Amino acid sequence: MKKITNRILSVLLAMILTVSVISVVPTKAETKVAKAAYLTIEKFTLGQGFLVYPTKVEITEGDTIKTVLDKVAKEEKIDLVYTTTEYGTYLSGIKNADSGKVNIPSEISAMGEFESYGTKYPAPTNTNVRPNTNENGLLSEMTYTDMAGWMVYLNNESSMEGLAAKVKDGDVIRIQFSIYGWGLDLGSADWTTGEKKINLANKDNLYKKIADFKNAEYMKRSKSLMQLSNNVVNVAEKYNASQQEIDGITEAFALLISIYEDGKNAQKEDDAQKAVTPTVAKTSVKTIRNVKGCKAKATAKAVKGASGYEFKYATNKKLKNAVVITTKKTTIKTAKVAKKKTVYVKVRAYVAKNGAYYFGKWSAKKSVKIKK
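Residues numbered from 1 in each chain as written. Predicted model: local features only at pLDDT ≥ 70, side-chain atom pairs only at ≥ 80, totals over all residues. Heavy atoms only, no water.

Participant: Would you explain the sheet that holds strand 8 (residues 149–154) in this entry?
Facilitator: Through backbone hydrogen bonds, the strands of a sheet pair up, either in parallel or in antiparallel fashion. With mixed pairing, five strands are arranged side by side in an open sheet as 2-1-10-8-9. Since the sheet does not close on itself, it has two edges, and those belong to strand 2 (50–58) and strand 9 (157–158), each with one partner. Lying over the sheet, helix 2 (residues 65–76) contacts strand 1 (36–42), strand 2, strand 8 and strand 10 (172–178), oriented at roughly 115° with respect to strand 2. Its contacts with the sheet put helix 4 (residues 204–213) on strand 1, strand 2 and strand 10, and the angle it makes with strand 2 is roughly 75°. (Pairing = 2+ DSSP bridges. Helix = DSSP H or I, 4+ residues; strand = E, 2+ residues; numbered from the N terminus. Contact = heavy atoms within 4.5 Å. Axes fitted to C-alpha atoms, helices over the stretch in contact; angles between N-to-C directions.)

Next comes the structure, spelled out in structure tokens:
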């Protein structure tokens, strides 16, 4: 009986040890997805494009716009200048951020005079802004105009808390340079009237796509993706891009990426190309003739599905220093040309799709001598 009891105890002990061992074996750990925000630094109001392209930044609990900006600045080797007042810390400048070339969008120049607290400020133009004399290419508050400065936007809205705003997973931060109305040129409302001078497209989704996939391995392999990514950036940097343009290029980019994410199609360059890039047929100069006023009138052969035509003309066979006219019509007239000169013209069709322009091949040249 004693032997039986000991045997039972041994079995029970073995079972207890087994259960104990099983209980301490860790379960399969859940994969944690890192939280991230997206950040850009933009100089579109100066016609200088991105300083920092859309970038994905891993964030942790408690991160603010400032801490995210500091992470990107360190990675990109950008020298930020902060100013602290009784109201908090703000970004007052960025060194080596100004190229020195200003090409202010016409929409900003057309905004008219802005009045604030009895002071009237003219709309900035390429000819009335003061030159940047700051050292080290510093782009800062009051550079070019008295209303200039860096503005902080969070999820397509001006950040009321500025750099101190807490950042959540998926947030899009846009650090943008303003030269008119302290943000009126960025689509913000006038704080005195509540009115906007301009409505700009929401680019947040496009920025996320660019940031998520710009470093992907298939981006480096794919000519189609590289070509499209250039078009994407061109549209993204366009100050007055419509929402339709932004949404269109975002959809095209997502479509092409999805093809490459599917392993079965990863090498199918042609399929990816056709998914987003239209084929544009070659056109020709149908007629060219001399018309009154010492001008030439040229007509292109219509191409089905074309959005428009690009004409190029000059008074030399090689078309050096040629005049280029882009139009939705099939016919153009040249400027006045001296009598007895010969005008040479060629043309190509284009298709506008997803915010980008796709051109067909140039036609053969045709010419006409100016007699009247």
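Participant: Any chance you could explain the environment of Lys238 here in plain terms?
Facilitator: Following the sequence through the fold, Lys238 ends up in the loop between helix 6 (223–236) and helix 7 (243–261). With relative accessibility at 31%, the residue Lys238 sits in the partly exposed group. Taking the C-alpha atoms as reference points, Lys238 and Phe44, separated by 194 residues in sequence, lie 7.4 Å from one another. (Buried < 20%, exposed > 50% of the residue type's maximum accessible area, 1.4 Å probe, protein only.)

Participant: In this structure, what is going on with the side chain of Glu42? I would like to understand it.
Facilitator: Here Glu42 shows up in strand 1. Within the local environment of Glu42, its side chain forms a polar contact with the side chain of Arg174, the two groups lying 2.8 Å apart. Discounting residues that sit within four places of it in the chain, Glu42 has contacts with Gly49, Phe50, Trp150, Arg174, Ile175, Gln176, Phe177 and Tyr207. (Polar contact = N/O pair within 3.5 Å; in protein donor to acceptor, adjacent residues only side chain to side chain.)

Participant: Help me out: how do you make sense of the nonpolar core in this one?
Facilitator: Where a protein is soluble and globular, its nonpolar side chains tend to be buried together. Ranked by size, the top nonpolar core spans 60 residues in total, and within it Ile41, Ile65 and Ile175 carry the most contacts. In this structure, Ile41 is in contact with Phe50, Leu51, Val52, Leu69, Ile78, Ile94, Trp150 and Ile175, ignoring residues within four places of it in sequence. (Core = buried A, V, L, I, M, F, W, Y, C linked by side-chain atoms within 4.5 Å.)

Participant: How do you make sense of the pattern of salt bridges when you look at a structure like this?
Facilitator: A pair can form between side chains of opposite charge whenever their charged atoms are brought close. As enumerated under the stated definition, the model contains nine salt bridges in all. Taking the shortest distance from any N to any O, the salt bridge between Lys168 and Asp171 comes out at 3.9 Å. A relative accessible area of 5% places Asp171 in the buried class. With its nearest N and O atoms 2.9 Å apart, the salt bridge here joins Lys238 to Glu245. The buried category is assigned to Glu245, whose relative accessible area is 18%. (Salt bridge = Lys/Arg side-chain N within 4 Å of Asp/Glu carboxyl O.)

Participant: Any chance you could explain the sheet that holds strand 7 (residues 139–140) here in plain terms?
Facilitator: Strand order across the open sheet formed by three strands is 3-4-7, with antiparallel pairing between neighbours. Strand pairing shows two members of the sheet lacking a second neighbour, strand 3 (80–85) and strand 7, which therefore form its edges. The sheet contact formed by strand 4 (residues 88–94) and strand 7 spans two bridges and is antiparallel. Following the sheet pairing, Ile94 is matched in strand 7 by Leu139.

Participant: Please explain the packing of aromatic side chains as it appears in this structure.
Facilitator: Enumeration according to the criterion identifies 11 aromatic pairs in this entry. With a centroid separation of 5.1 Å and an interplanar angle of 75°, the aromatic rings of Phe44 and Phe50 are classed as edge-to-face. What makes Phe50 buried here is its relative accessible area of 7%. Residues Tyr121 and Trp182 carry aromatic rings whose centres are separated by 5.5 Å and whose planes lie at 85° to one another, so their mutual orientation is edge-to-face. Of this pair, Tyr121 sits in strand 6 (residues 119–121) while Trp182 sits in the loop between strand 10 and helix 4, and the two are 61 residues apart along the sequence. In this structure Trp182 comes out as partly exposed when scored by relative accessible area, which is 30%. The structure contains a cluster of three or more aromatic residues connected by ring pairs, namely Phe114, Tyr121, Tyr180, Trp182 and Trp191. The ring of Tyr82 has Lys66 lying over it, and the distance from NZ or CZ to the ring centre is 4.4 Å. Directly above the aromatic system of Phe359 lies the positively charged group of Arg348, at a separation of 4.0 Å from the ring centroid. (Phe/Tyr/Trp six-rings, centres within 6.5 Å; stacked < 30°, edge-to-face > 60°. Lys NZ or Arg CZ within 6 Å of the ring centre and 35° of its normal.)

Participant: Before we go on, may I ask you to explain the pairing of strand 11 (residues 285–291) in this structure?
Facilitator: Taken residue by residue, a regular strand's side chains alternate between the two faces of the sheet. Pairing between strand 11 and strand 12 (residues 295–300): six bridges, direction antiparallel. Directly across from Val291, in strand 12, lies its bridge partner Lys295. A loop of three residues connects strand 11 with strand 12, the two strands running antiparallel in sequence, and Gly293 in this loop sits at a positive phi of about 90°.

Participant: Where do I start with a positive patch on the surface in this structure?
Facilitator: On the surface, Arg289, Lys292, Lys295, Lys333 and Lys372 cluster together into a patch of positive charge. The topology assignment puts Lys372 in the segment after strand 18 (366–369). Residue Lys372 is classed as partly exposed on the basis of its relative accessible area, which comes to 47%. (Patch = residues over 30% accessible without salt bridge, like charges linked within 9 Å, V, L, I, M, F, W, Y side chains within 5 Å. Areas by Shrake-Rupley, 256 points an atom, 1.4 Å probe, with all protein chains shown as cover. Lys, Arg positive; Asp, Glu negative; His and termini not counted. Charge placed at Lys NZ, Arg CZ, Asp CG, Glu CD.)

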